Each structure stands twice: as C-alpha cells, then as structure tokens.
Amino acid sequence: ETKWHAQLLVVLTMESPALHEFANVHISDHHSISKKEKQNGMLKHLQKYLNKYGYEYHQLLGSETTAENLSFDAVSDEDFVGKFIGWLATNATFLDDDTKLLKYGTCMGYASSFQVYFNNKYRNEKDFAKPINGKNWQLKVNSITSIKAKYCFEHNEKMSESKETATEDDRCSLSLVCILEGTHEGAEMMLFSNAAVHLAGRGSDLADTGIDDITFRGIRT
C-alpha cells in the first residue's frame, strides 16, 4: 500500500497527460481487486449450492449448469433465487472453514455481488430478472439482516467485527494527493475523507461502549 501511494504521488506531480492516464488506470485496477475477489467467492458459493441442491431444480437448470452460466430463466425464478439467498444467510459456511457460518457482512457482500453479476450478465435481455431487482430484491436483503440479527442475538455474537481500514500514513497520503491534484474536486475529496474518518471514529467509540440507546444527540456530543 505504502509503495503504491508513493508511486501514485510521483505520477501525479508530473505534468504529463499520459502519466496521469497511467495513474487513473492503476487506481481503477487497484480498487477492482476486492470486487473481483468477492465475485469469485460468490460464484464458488453458488456452485456449492448448485452441487448440493441443484437436483431440486433439474427442469429449470438442466444437467450442464454451472454458477457462471446460470441461465436467465434461473435468475428470474423467485423460488430458486429466494432459496439461494436464504441458504447464504442460514447455512452457508466459509470456503476455507466449513464449521463457521458466513458473517453478516460477508453474506451481504455475496448477495450484492450476485445481483450485480447477473444483472450485468443479462443486461441485454428484453426484461429484467424480477427476483434480483426492486422490492423483490430488497425483501431478500432485509431477510438476511433479520436472520443474522436473530442468530447473533441468540448466540451472543456481534453482527460485525471492527477492523482497521486505513493507517494514518494512508490518510496522509490521500490528503497529499488531493492537495497536489490542485482542483476543487480534490479539496472536496480531502474534506470528505477526513470528515468520514472522524465520524466513523466517533461512531466506533460509541459502539464499543455497549450503549443500547444511542441517539443522534449522543453522536454529536
């Protein structure tokens, strides 16, 4: 990360459109890694589900269906999509440890990846897949939250674990890049980034206290 930031800073201080284009490409590539990994994880879980329960949908899926070539008809089937999302929330385990159920954040990430992947895959269809769009999809997402919230309450577990997302050096590097960029967009990005850091920090502090009646006034003070 530090090396990447240093390289980016060098590029952005040079007056060369070609170098700036190079920087933009690498920014895009850098941030697309986690998205690609999440998509791959989702497809592996979908394949796991197909291997285990695909026989229930033999007429819909056929014998040659894989996660990557799942048909538009399957993605448009409310029962199939609903049960897959339900399985993610209730029975799906980590790929490297089948004794641990997926955490809430991981479930939500895979569900989002499922929606985006197949909406993009079948974007040229005359109609859209209703189970993964609009109110139908929102109900499925809400069900994940409900299921995981109930599980965490019954097992005295946290819905999510806090984690460090950026070091002080990372934040300083981002601010410096924004300053060197020299535009109002850069200034807005720097202010937004620092405001987000402070807001997240205060929210995290309050969450760690265990208070169960946090209000807007509590966050402000």
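Look a little higher up for the structure.
Parameters at a glance
Residues numbered from 1 in each chain as written. Predicted model: local features only at pLDDT ≥ 70, side-chain atom pairs only at ≥ 80, totals over all residues. Heavy atoms only, no water. Helix = DSSP H or I, 4+ residues; strand = E, 2+ residues; numbered from the N terminus. Expected span 1.5 Å × (residues − 1). Buried < 20%, exposed > 50% of the residue type's maximum accessible area, 1.4 Å probe, protein only. Arc of directions from axis to C-beta. Contact = heavy atoms within 4.5 Å. Patch = residues over 30% accessible without salt bridge, like charges linked within 9 Å, V, L, I, M, F, W, Y side chains within 5 Å. Areas by Shrake-Rupley, 256 points an atom, 1.4 Å probe, with all protein chains shown as cover. Salt bridge = Lys/Arg side-chain N within 4 Å of Asp/Glu carboxyl O. Axes fitted to C-alpha atoms, helices over the stretch in contact; angles between N-to-C directions. Parallel < 35°, antiparallel > 145°, perpendicular 65-115°, else oblique. Left-handed = near helix turned anticlockwise from the far one by under 90°. Nonpolar A, V, L, I, M, F, W, Y, C, P; charged D, E, K, R; others polar. Polar contact = N/O pair within 3.5 Å; in protein donor to acceptor, adjacent residues only side chain to side chain. Phe/Tyr/Trp six-rings, centres within 6.5 Å; stacked < 30°, edge-to-face > 60°. Lys NZ or Arg CZ within 6 Å of the ring centre and 35° of its normal.

Asks: How would you summarise helix H7 (residues 134-155) if you had to cite specific residues and measurements?
Replies: Since the α-helix packs 3.6 residues into each turn, any two residues three or four apart lie on the same face. Here H7 is 22 residues long and its end C-alpha atoms lie 32 Å apart, about the 32 Å a rise of 1.5 Å per residue gives. All buried positions along H7 are accounted for by Trp-137, Lys-140, Val-141, Ile-144, Lys-148 and Cys-152. With its buried residues spanning 105 degrees around the axis, H7 presents them on a single face. In H7, the exposed residues that point more than 90 degrees away from the buried face are Gly-134, Lys-135, Lys-150, Phe-153 and Glu-154. Contacts from the buried residues of H7 go to helix H5 (78-90), strand E2 (97-101) and helix H6 (104-121). Positive phi appears at Asn-156, one or two residues downstream of H7, with a value of about 55 degrees.

Asks: Explain a nonpolar patch on the surface to me, and be specific about the residues and the numbers.
Replies: Together, Leu-174, Met-189 and Phe-192 give the surface a local cluster of nonpolar side chains, amounting to about 280 Å² of exposed area. Looking at where Leu-174 falls in the secondary structure, it is placed in helix H8 (residues 168-181). According to the relative accessible area criterion, Leu-174 is partly exposed, its value standing at 30%.

Asks: How would you sum up the packing of H5 against H7? Please name residues and give values.
Replies: One way to put it is that H5 packs onto H7 with a least axis distance of 9 Å and a crossing angle of 25 degrees. As the angle between them shows, H5 and H7 are arranged roughly parallel. When the axes of H5 and H7 are compared, the crossing they make is right-handed. In contact with Glu-78, Val-81, Gly-82, Ile-85, Ala-89 and Thr-90 of H5, H7 contributes Asn-136, Trp-137, Lys-140, Ile-144, Ile-147 and Lys-148. Residue composition of the contact of H5 with H7, by class: six nonpolar, three polar and three charged.

Asks: An account of H6 is requested, with residue identities and associated values reported.
Replies: Between the first and last C-alpha of H6 there are 26 Å, a value that for 18 residues agrees with the 26 Å anticipated at 1.5 Å per step. When we look at burial in H6, the residues that qualify are Cys-107, Gly-109, Tyr-110, Ala-111, Ser-113, Phe-114, Gln-115, Tyr-117 and Phe-118.

Asks: Talk me through the pattern of salt bridges; I want residue IDs and the actual numbers.
Replies: Where charged atoms from two side chains of opposite charge come close, those side chains can pair. Scanning the model with the defined rule gives three salt bridges in all. Ionic pairing is found between Glu-78 and Lys-140, a salt bridge with its closest N-O pair at 2.6 Å. Residue Glu-78 is found in helix H5, and its partner Lys-140 is found in helix H7; the two are separated by 62 residues along the sequence. By relative accessible area, Glu-78 is classed as partly exposed at 38%. According to the relative accessible area criterion, Lys-140 is buried, its value standing at 7%. We note a salt bridge from Lys-83 to Asp-79, for which the minimum N-O separation is 3.7 Å. One end of the pair, Lys-83, and the other, Asp-79, are both in helix H5, four residues apart, so they sit about a helical turn from each other.

Asks: How would you sum up the environment of Thr-106? Please name residues and give values.
Replies: Relative to the helices and strands, Thr-106 resides in helix H6. We classify Thr-106 as partly exposed; its relative accessible area is 24%.

Asks: How would you summarise the environment of Leu-61 if you had to cite specific residues and measurements?
Replies: Inspection of the secondary structure assignment puts Leu-61 in helix H3 (residues 58-61). In this structure, the C-alpha to C-alpha distance between Leu-61 and Ala-74, residues 13 residues apart in sequence, is 6.7 Å. Not counting chain neighbours up to four residues away, the residues in contact with Leu-61 comprise Leu-50, Gly-54, Leu-70, Ala-74 and Phe-80.

Asks: Just give me the short version of the side chain of Lys-140, but keep the residues and values in it.
Replies: At 3.0 Å, the side chain of Lys-140 and the backbone oxygen of Pro-131 are in polar contact. Lys-140 has contacts with Glu-78, Val-81, Gly-82, Ile-85 and Pro-131, leaving out every residue within four places of it along the chain.

Asks: Could you give me a rundown of the packing of aromatic side chains, with the residues and numbers involved?
Replies: In this structure the tally under the stated criterion is 10 aromatic pairs. An aromatic cluster is defined as three or more aromatic residues linked by ring pairs; in this entry it consists of Tyr-49, Tyr-53, Tyr-57, Phe-80, Phe-84, Trp-87, Phe-114, Tyr-117 and Phe-118. The residue whose ring lies beneath Lys-148 is Tyr-151, and the NZ or CZ to ring-centre distance is 5.9 Å.

Asks: Which residues make up unusual backbone geometry, and what are the values?
Replies: We note that Asn-156 has phi near 55 degrees; this positive angle belongs to a residue other than glycine. Along the chain, Asn-156 turns up in the loop between H7 and H8.

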